[in-house]
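Summary of structural features
In case you want the letters, here they are:
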Amino acid sequence: MRYRQLATGTLALGVILLIDVLRVWLPGIITIFGQAASTPAELMGAFALGWFVLALGAPAVVRWVGARPVVVVAAVALALARLALTAAPGGRTQLWLATAGLLAGLVWLVGVAADTDGPVPGLALGFAVNAALHAVWDTVDVVWWGTWVAWLSSSVAVLLFLLGTAQPVARAGGGGARAWLLAGPALLLAGMVALSPALARTGMSYLFAGDGVAGSPLFGLAPVPVAVAAFLVSASTGPPRGWGRAYGPVALLVGSLLFASDRGDLLVPAVLLAAVGLGACLALTDDANRLNGTAETEPTGGQTARDGTDATATRRGYAVAVGMLVFALGAVGYYSAYDLGYPNAAVPVVVAGLVAVVAFTAQPVVRWLPGPFPPLRAAAAVTALALLAPVVADEVPVASNRDGPPERLTVVAYNIRMGFGLDGRFDLTGLTEVVARQRPDVVLLSEVDRAWLLNGGHDTLDVVADRLGMPYVFGPAADSVWGDAVLSRWPMDDARSLPLPAVGAPTGAQALGVTLDLSDGVRVAVVSTHLQPPPGRGPVVQARAVADFAIRYAAGRPLVVAGDLNTEPGDEAFGEFTAAGLVDALAAARPLATSPADDPREQIDHIFVSAGLTPSDPVAPRSTASDHLPVAVTVALPPR
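Residues numbered from 1 in each chain as written. Predicted model: local features only at pLDDT ≥ 70, side-chain atom pairs only at ≥ 80, totals over all residues. Heavy atoms only, no water.

**Structural notes on the packing of aromatic side chains**
What counts here: Ring geometry is summarised as follows: Phe, Tyr and Trp rings, the Trp one being its six-membered ring, pair when their centres sit within 6.5 Å, and such pairs are stacked at plane angles under 30 degrees, edge-to-face over 60 and tilted between the two. Secondary structure follows DSSP: runs of H or I at least 4 residues long count as helices, runs of E at least 2 residues long count as strands, and numbering of each begins at the N terminus. Throughout this description, buried means an accessible area under 20% of the type-specific maximum (1.4 Å probe, protein chains only), exposed means over 50%, and partly exposed covers the range between. Working rule: Lys NZ or Arg CZ, within 6 Å of ring centre, within 35 degrees of ring normal, means a charge sits over the ring.
Summed over all chains, the structure comprises 22 aromatic pairs. When the ring of Phe47 is compared with that of Trp51, the centres are 6.0 Å apart and the planes differ by 80 degrees; the resulting orientation is edge-to-face. Of this pair, Phe47 and Trp51 both sit in helix H2 (residues 41-54), separated by four residues, roughly a single helical turn. Each of the two residues, Phe47 as well as Trp51, counts as buried. The interplanar angle of 50 degrees and the centroid separation of 5.0 Å between the aromatic rings of Phe420 and Phe426 together place this pair among those described as tilted. Given the relative accessible area of 0%, Phe420 is considered buried. Here the aromatic cluster, defined as three or more aromatic residues joined through ring pairs, consists of Trp25, Phe33, Phe47, Trp51, Phe52, Trp96 and Phe327. Positioned above the aromatic ring of Phe360 is the side chain of Arg245, whose terminal nitrogen or guanidinium carbon lies 5.1 Å from the ring centre. In this structure, Arg450 packs its charged tip against the face of Phe474, placed 5.3 Å from the ring centre.

**Some words on the pairing of strand E5 (residues 442-449)**
In plain terms, the rule: Strand pairing is assigned whenever DSSP identifies at least 2 bridges connecting the two strands. Viewed with both strands pointing away, a crossover whose connecting path from the first strand over the helix to the second turns clockwise is right-handed.
Among the eight residues that make up E5, eight are buried, leaving the element largely enclosed by the rest of the structure. Bridge count for strand E4 (residues 408-415) against E5 is five bridges, and the pairing is parallel. The residue bridging Asn415 from the neighbouring strand is Ser446, located in E5. In terms of handedness, the path from E4 via helix H18 (residues 428-436) over to E5 forms a crossover that is right-handed. Inspection of the sheet shows E5 paired to strand E7 (residues 482-488) by six bridges, in the antiparallel sense. Residue pairing for E7: Leu444 is matched across the bridge by Val486.

**Some words on the packing of helix H4 (residues 67-85) against helix H7 (residues 148-166)**
Under the convention used in this document: With axes taken as lines fitted to C-alpha atoms, and helix axes fitted only over the stretch in contact, angles between N-to-C directions fall between 0 and 180 degrees. Angle categories are assigned with fixed cut-offs, so that under 35 degrees is roughly parallel, over 145 is roughly antiparallel, 65 to 115 is roughly perpendicular, and the rest are oblique. Every residue pair with non-hydrogen atoms within 4.5 Å of one another is taken to be in contact. Under the scheme applied here, ten amino acids are nonpolar (Ala, Val, Leu, Ile, Met, Phe, Trp, Tyr, Cys and Pro), four are charged (Asp, Glu, Lys and Arg), and all others, including Gly, are polar.
Contact geometry for H4 and H7: axes closest at 10 Å, N-to-C directions at 175 degrees. In this view, H4 runs roughly antiparallel relative to H7, as classed from their interaxial angle. From H4, Arg68, Val71, Val72, Ala75, Val76, Leu78, Ala79, Arg82 and Leu83 reach across to H7, where they touch Trp151, Ser154, Ser155, Val158, Phe161, Leu162, Thr165 and Ala166. Residues that form the contact of H4 with H7 fall into these classes: 12 nonpolar, three polar and two charged.

**As for the nonpolar core**
Test applied: Nonpolar core, defined: a set of buried Ala, Val, Leu, Ile, Met, Phe, Trp, Tyr and Cys residues in which side-chain atoms within 4.5 Å join the residues together.
Counting 154 residues, the largest nonpolar core has Trp25, Trp108, Trp180, Phe231 and Leu487 as its most contacted members. It is helix H1 (residues 2-33) that contributes the most residues to this core, 15 residues altogether. Sequence-distant contacts of Trp180, defined by excluding residues within four places in its chain, comprise Leu11, Leu109, Val112, Ala113, Thr116, Pro119, Leu123, Arg316, Ala319 and Val320. Core analysis: the next-biggest nonpolar cluster, separate from the first, contains 32 residues, Val213, Trp490, Ala585 and Val633 among them.

**Details of a nonpolar patch on the surface**
What counts, and what does not: In this analysis, a patch consists of residues with relative accessible area above 30% that form no salt bridge, clustered at 9 Å for like charges and at 5 Å for the nonpolar side chains Val, Leu, Ile, Met, Phe, Trp and Tyr. Each accessible area is a Shrake-Rupley estimate made with a 1.4 Å probe; only the visible protein chains count as cover when residues are assessed. Within this document, salt bridges are pairs made up of a side-chain nitrogen of Lys or Arg and a carboxyl oxygen of Asp or Glu, the two lying within 4 Å of each other.
On the surface, Trp145, Trp148, Val149, Leu152, Val156, Leu159, Leu160 and Leu163 cluster together into a nonpolar patch covering about 790 Å² of accessible area. Mapped onto the secondary structure, Leu163 falls in helix H7.

**Comments concerning the pairing of strand E10 (residues 523-530)**
Of all eight residues in E10, seven are buried, a share of seventy percent or more. Here strand E9 (residues 510-517) folds back onto E10 in antiparallel fashion, the turn holding five residues, of which Ser519 has a positive phi close to 75 degrees. When E10 meets strand E11 (residues 559-564), the two strands line up parallel, connected through six bridges. Across the sheet, residue Thr529 finds its bridge partner in E11, namely Gly563.

**Remarks on the sheet that holds strand E15 (residues 631-636)**
Strand order in the open sheet formed by seven strands is E1-E6-E7-E5-E4-E15-E14, and the pairing between neighbours is mixed. Whereas interior strands pair on both sides, the edge strands pair on one side only; in this sheet they are strand E1 (214-215) and strand E14 (614-619). Bridge analysis of E4 against E15 gives six bridges, and the strand direction is antiparallel. Opposite Val412, over in E15, you have Ala632 as the bridge partner.

**Let's talk about the pattern of salt bridges**
Summed over the entire model, instances satisfying the criterion amount to 17 salt bridges. Measuring nitrogen to oxygen at the nearest pair gives 4.0 Å for the salt bridge that ties Asp427 to Arg425. A relative accessible area of 15% means that Asp427 is categorised as buried. Overall, the relative accessible area of 26% leaves Arg425 in the partly exposed class. Close ionic contact of Arg590 with Asp584 constitutes a salt bridge, the shortest N to O distance being 3.0 Å. Connected via shared salt-bridge partners are Asp138, Arg201, Asp394, Arg450, Asp459 and Asp462.

Just geometry here; none of it tells us what the structure is for.
Following this line, the structure appears as structure tokens:
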């Protein structure tokens, strides 16, 4: 039992370290290898898939030199890469460190699979603890912190992992290939849906707004402890017999369908159902914790035993390598759709279907055996950790400027590129500092990511809102967790979101309207948008739709329209706004280039105001916290 506990804990720690590496490596494909969106999506996909295909050679290496040397060398490489990433060096150094850590992690998994016939407890514990920590850290992993806390916690995790790896390994029996095959698909579904704190909080934020938009929620991370507890209990307890075994596969499929429906108000049930279902599916494949009528028995004695064990170990190695390739195919297939423009809703459903079929067709349980840890105690311990998240990480900024109405408003518009700077680091500190220096009353954000696994699974908007101390309203564009937002020091109401015509552009676009209540009956309409032009053309159709929506929404009130408009002064799309009677608030500072941030040459980020507002002090402060510069202006309100 002590060996099983040690092996399970070490596997869980390794999974946690590998997920940490993935949360750096996946965004690096876009922000570093992708060269500021100029690299073809097909090339980025080939780069991503290539490393997982390369890992398919690891089982042959394990069979040739033995599992133990491979596990030790790969574990050291994974640990060193994870520790080095704590420095967040940025640029190609960061990308190649993360790539080395990824490949080492894949090889390590293959080596561990050769010696482990019961991976479910370790995999489940690793997924759950990582999700709980991710929630407690407000979805910003310590790898990006750059503080002594990050170095201390990373060093402790790496040391414990290496100490566990150094311990003797007991001989594994037969079986386990089915569970190892699900490691990759389960990791994908856990990161995208079932155990995503960012997705859970985004789902809660939709419940606090309505009408297809999201607002700052109370206790947004509250679903996370529930999901973690449900996942661990269902993964570590014996599944029912007969057709009762179908509850896990059915719950997983329903949860993935709710997620794929792209409705923000269904995200919370999607998370909870997927968590229960994913855990139950893993339990159905747990050969080490059950006796069944036709279970494989470990061969004993002589060459036959050794050959049989070697064949089983190799089978497990190939199973985990193929499963991780499924992870890569699913991630690339789902997220590349936003560059290439094909439907992607079926991807999580297909992966969930694969998991469901593999789990449900496993041999039924005759008698469930005790696992390495008491199920309820283990679940309670990890859930207690997750329960800290709503207390420690959840903040609810409230509108503070209630003594008014003011004479002026300072407006900032910023395309934040999901929080990643030009060097590929997740740089919310730099981002919020450049915004805060403008002392804004209202902030309009473009390219806001709230849960994409491709970008590390962060709720960028909620973290930015907390650091600026400003409540938000979010409008979905590409899907329910990627879009545009308005943050304000004044109360906001009457939020509306208008989907814009795609006109051939693969990534969706919208216009988000909110009304600022400046007290004493003074109200200002604000519209945030990010135009997505079709290939080779300007966003004329979308610009016309936004201008029409903004004028109708304002209904005669003072109006501000801003965002990344992907059009320059003098272009036809730019003229749609001026033709609607709006004034270029940045005109006094023209030319005012905003992209790329390190050598701005294009004027594509804009602020327009209605004729009753008087703009002054336009500026585009320098920063490399995104690939765009923010634009800011102070507008004087009409005299009362």
